[in-house]
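# An overview of the molecular structure
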There are 2 protein chains.
Amino acid sequence: MSLSKNKISYITSLKEKKFRNKHHTFVAEGSKLIFDLIQSMKCQLLVLSENMKDKIVAIDAEEIIITTQSELKKASHFTTPPDAIAVFYQTLHDYTTLDCAKKLNLILDGVQDPGNVGTIIRIADWFGIENIFCSHDTADVYNSKTVQATMGALARMNVHYANIKDIIAQHPDLPIYGTFLNGENIYQESLSNRGFIIMGNEGKGIRPEIEHMITNRLYIPSFSTNTTTSESLNVAVATAIVCSEFRRR
Amino acid sequence: MSLSKNKISYITSLKEKKFRNKHHTFVAEGSKLIFDLIQSMKCQLLVLSENMKDKIVAIDAEEIIITTQSELKKASHFTTPPDAIAVFYQTLHDYTTLDCAKKLNLILDGVQDPGNVGTIIRIADWFGIENIFCSHDTADVYNSKTVQATMGALARMNVHYANIKDIIAQHPDLPIYGTFLNGENIYQESLSNRGFIIMGNEGKGIRPEIEHMITNRLYIPSFSTNTTTSESLNVAVATAIVCSEFRRR
């Protein structure tokens with residue numbers, strides 16, 4: 001079988017959020033990632049290179065197409081052609097069913113880079129944080145770059161796009177943590193195993209209207225003796241350090 | 001003034017390591033990064049868009065060219081054209097002059113992704129680690145993607161490409177730390193403020209001949225209750241958590 005022009009243009013159209021939203025689908029590339037996601041997500045279309053043919057036993061996809069490496073390259077969202085491309089159905093999470101109140105939850109306030117959002121999802125999965133709330137201007141979780149960076153963790157997380165102020169307002173009894181240059185040293189603060197951790201935009205940080213809802217201002221101290229050291233850490237790196245501090249106690 | 005074809009092809013040629021090595025130069029893009037690096041690195045060529053003209057007062061570059069946005073786009077190593085492009089001279093670090101013995105040092109054993117290497121340099125800078133030793137198969141520190149990801153930290157770090165086994169062998173009295181799936185829980189181990197921390201390749205980890213030189217095997221525990229959780233963290237994320245643990249004590 002070969003990949004039709006229609007299929008190629010359908011897959012490449014899913015680079016754009018408007019087409020992902022229209023079809024309620026998204027693309028994942030590479031057999032390792034796909035076999036991770038397929039455990040728990042519904043696959044609409046699986047396209048495999050010929051040398052992957054013997055691996056499709058017991059794979060549950062609505063349609064499976066075996067094709068050439070050059071057709072895979074045409075359909076790919078990346079410059080390095082993968083050994084497999086899959087189209088999955090988006091999973092809709094209803095956050096009213098999530099019991100945030102007893103857990104540590106993550107909020108992303110305008111994180112713009114899809115790679116950062118994907119890396120943060122992978123970190124949250126590692127540290128046993130199940131719910132991530134994203135402001136509507138946070139990068140789309142179904143962007144191919146985000147999907148690739150999650151390394152499969154996407155299948156295990158509840159990611160919900162919502163009005164952040166509303167989410168926080170619904171839990172007036174929970175601590176709301178955020179990192180700031182003038183916060184308290186995170187290594188010396190007492191940290192709860194319930195509440196919300198807010199991570200902000202790469203350049204601008206947490207926006208002012210969210211900042212004033214924060215109950216616990218934290219700071220990751222620098223240990224550099226060099227006075228010109230950069231003023232911040234990458235947002236995914238900061239998320240990792242914050243999650244590590246909350247969980248190790 | 002405008003940017004000659006020769007200059008454009010010189011700048012674009014520096015995407016390749018062989019031309020960076022030939023000229024002992026590298027490219028940095030974007031005025032914020034360039035103004036950070038120019039504090040301590042020697043600039044061969046600075047190319048600015050017209051609306052940046054008034055910012056060149058007191059900038060020390062061998063040659064400054066004001067040009068149009070479209071010429072900058074032609075010379076850029078990235079798809080998003082920057083407001084400025086600079087060519088800097090590579091800084092040569094002589095590691096025999098570094099006093100590793102009294103410090104915490106980082107070793108990268110085959111870290112392949114330039115973005116990861118750049119992010120790790122930024123993390124090391126934040127946590128006051130001055131020396132990074134890279135195996136010869138680690139991504140080039142002067143790759144444009146690495147340079148961009150360092151966010152200027154490159155200017156403050158001693159990055160040295162070397163035979164890792166030799167470096168370790170020269171310090172038989174120092175602890176050598178590495179992370180493994182079967183290591184000791186890092187949150188419960190005593191950690192020295194001297195020695196070497198080794199971070200391995202994204203897929204394969206630390207190579208066997210280096211692994212057997214390690215004196216302290218560490219592990220970052222996962223807190224997920226989900227049995228299918230991914231078996232590893234991104235190498236830059238793991239570096240951040242490890243550095244944070246060493247420094248907070």
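What counts and what doesn't
- Residues numbered from 1 in each chain as written.
- Chains lettered and ligands numbered in written order.
- Predicted model: local features only at pLDDT ≥ 70, side-chain atom pairs only at ≥ 80, totals over all residues.
- Helix = DSSP H or I, 4+ residues; strand = E, 2+ residues; numbered from the N terminus.
- Buried ≥ 20, exposed ≤ 12 C-beta atoms within 10 Å, placed from the backbone.
- Contact = placed C-beta atoms within 7 Å.
- Domains from an automatic or database assignment.
- Nonpolar A, V, L, I, M, F, W, Y, C, P; charged D, E, K, R; others polar.
- Pairing = 2+ DSSP bridges.
- Axes fitted to C-alpha atoms, helices over the stretch in contact; angles between N-to-C directions.
- Least-squares fit on C-alpha atoms with pLDDT ≥ 70 in both.
- Expected span 1.5 Å × (residues − 1).
- Parallel < 35°, antiparallel > 145°, perpendicular 65-115°, else oblique.
- Left-handed = near helix turned anticlockwise from the far one by under 90°.
- pLDDT = per-residue confidence, 0-100.
- Core = buried A, V, L, I, M, F, W, Y, C linked by C-beta atoms within 7 Å.

What chain A contains, in helices and strands, is 9 helices and 10 strands. In terms of overall dimensions, chain A has a C-alpha envelope of 60 × 45 × 30 Å along the principal axes. Burial status across chain A gives 42% buried among its 249 residues. A sequence separation of at least 24 residues applies to 77% of the contacts in chain A between residues at least 6 apart.

Time to look at the domain arrangement of chain A. All names here are of chain A. Each assigned domain of chain A is listed here: domain 1 (5–89) and domain 2 (95–248). Each of domain 1 and domain 2 was reduced to a C-alpha centroid, and the two centroids are 30 Å apart. Of the residues lining the interface, 14 residues belong to domain 1; the matching set on domain 2 comes to 9 residues. Listed by contribution, the elements that provide at least two residues to the side of domain 1 that touches domain 2 are α2 (17–23), β1 (25–29) and α3 (31–37). Partitioned by chemical class, the residues of the side of domain 1 that touches domain 2 number 6 nonpolar, 3 polar and 5 charged.

On to the sheet that holds strand β3 (residues 64–67) of chain A. Residue and element names in this part refer to chain A. Taken in spatial order, the 4 strands make up an open sheet running β1-β4-β2-β3, and their pairing is mixed. Pairing within the sheet leaves two strands with one partner each, and these edge strands are β1 and β3. Pairwise comparison of adjacent strand axes, ignoring direction, gives a mean angle of 15° for this sheet. Pairing of strand β2 (residues 43–49) with β3, which is carried by 4 bridges, proceeds in the parallel orientation. In the strand pairing of β3, Leu48 is matched with Ile66.

Once that is clear, we can look at the sheet that holds strand β2 (residues 43–49) of chain B. Two modes of strand pairing occur in sheets, parallel and antiparallel, and in both the strands are linked by backbone hydrogen bonds. Residue and element names in this part refer to chain B. If you trace the 4 strands from one edge of the open sheet to the other, you get β1-β4-β2-β3, paired in mixed fashion. Taken across any chain shown, the strands that pair with only one partner, and hence form the sheet edges, are β1 (25–29) and β3 (64–67). Pairs of neighbouring strands in the sheet enclose a mean axial angle of 15°, with direction left out of account. In the sheet, β1 pairs with strand β4 (residues 84–89) via 5 bridges, with the strands oriented antiparallel. Note on β4: the bridge partner recorded for Val27 is Val87.

If you look at the interface, chain B gives 30 residues, while chain A gives 30 residues. Ranked by residues supplied to the side of chain B that touches chain A, first place goes to helix α9 (residues 235–248) of chain B with 7 residues. For the side of chain B that touches chain A, a count of residues per class yields 12 nonpolar, 13 polar and 5 charged.

Least-squares fitting of chain B to chain A yields an RMSD of 0.0 Å, with the transformation described by 0.0 Å of translation along the axis and a rotation of 180°. The transformation relating the two chain copies, once decomposed into turn and shift, fits a two-fold axis. A share of 100% of the interface residues of chain B reappears at the interface of chain A, consistent with the copies meeting face to face through the same patch.

An ideal rise of 1.5 Å per residue puts 20 Å on 14 residues; α9(B) measures up with 20 Å between its terminal C-alpha atoms. Most of α9(B) sits inside the fold, with 11 of its 14 residues counted as buried. When α9(B) is considered as a whole, its buried residues turn out to be Val235(B), Ala236(B), Val237(B), Ala238(B), Thr239(B), Ala240(B), Ile241(B), Val242(B), Cys243(B), Ser244(B) and Phe246(B). Those residues of α9(B) that are buried lie in contact with α5 (114–126) and α9 (235–248) of chain A together with β5 (104–109), α5 (114–126), β8 (176–185) and β9 (195–200) of chain B.

Residues and elements named next belong to chain B. Axis separation between α5 and α9 bottoms out at 9 Å; the angle between their running directions is 15°. If you check the angle between α5 and α9, you find them roughly parallel. The element α5 and its partner α9 pack so that their crossing is right-handed. Across from Asn116, Thr119, Ile120 and Ile123 in α5, the residues of α9 making contact are Val235, Ala236, Thr239, Ala240 and Cys243. Split by residue class, the contact of α5 with α9 holds 6 nonpolar, 3 polar and no charged.

Right, let's talk about the environment of Asp137(A) for a bit. All names here are of chain A. Its location among the elements puts Asp137 in the loop between β6 (131–134) and α6 (144–150). Here Asp137 falls in the partly exposed class, since 13 other C-beta atoms lie within 10 Å of it. Here the alpha-carbon distance between Asp137 and Met199, two residues 62 residues apart in the chain, equals 13 Å.

With that settled, consider unusual backbone geometry. With a phi close to 55°, Met151(A) is a non-glycine residue in the positive phi region. Mapping Met151(A) onto the fold places it in the loop between α6 and β7 (158–161).

Taken as a whole, chain A shows an average pLDDT of 92; of its residues, 94% reach a score of 70 or greater. Reported for the predicted complex are a pTM of 0.91 and an ipTM of 0.89.

With that out of the way, let us pick up the environment of Gly128(B). As for its placement among the helices and strands, Gly128(B) is situated in the loop between α5 and β6 (131–134). Setting aside residues up to four positions removed in sequence, Gly128(B) forms contacts with Phe223(A), Ser224(A) and Thr225(A).

The next thing to look at is the packing of α9(A) against α9(B). Look at α9(A) against α9(B): their axes get within 9 Å of each other, and the N-to-C directions meet at 45°. As far as their axial angle goes, α9(B) and α9(A) are oblique. Seen along the crossing, α9(A) lies across α9(B) with a hand that is right-handed. Contacts between α9(A) and α9(B) involve Ala236(A), Val237(A), Ala240(A), Ile241(A) and Ser244(A) from the first element and Ala236(B), Val237(B), Ala240(B), Ile241(B) and Ser244(B) from the second. Of the residues that constitute the contact of α9(A) with α9(B), the class distribution is 8 nonpolar, 2 polar and no charged.

In this structure, Ile123(A), Val237(A), Ile123(B) and Val237(B) are the most contacted members of the largest nonpolar core, which totals 134 residues. Residues contacting Ile123(A), with those up to four places away along its chain left out, are Ala236(A), Thr239(A), Ala240(A), Cys243(A), Leu233(B) and Val237(B).

Now for the pairing of β7(A). Here β6(A) pairs with β7(A) via 4 bridges, running parallel. Bridged to Phe133(A) within β7(A) is His160(A).

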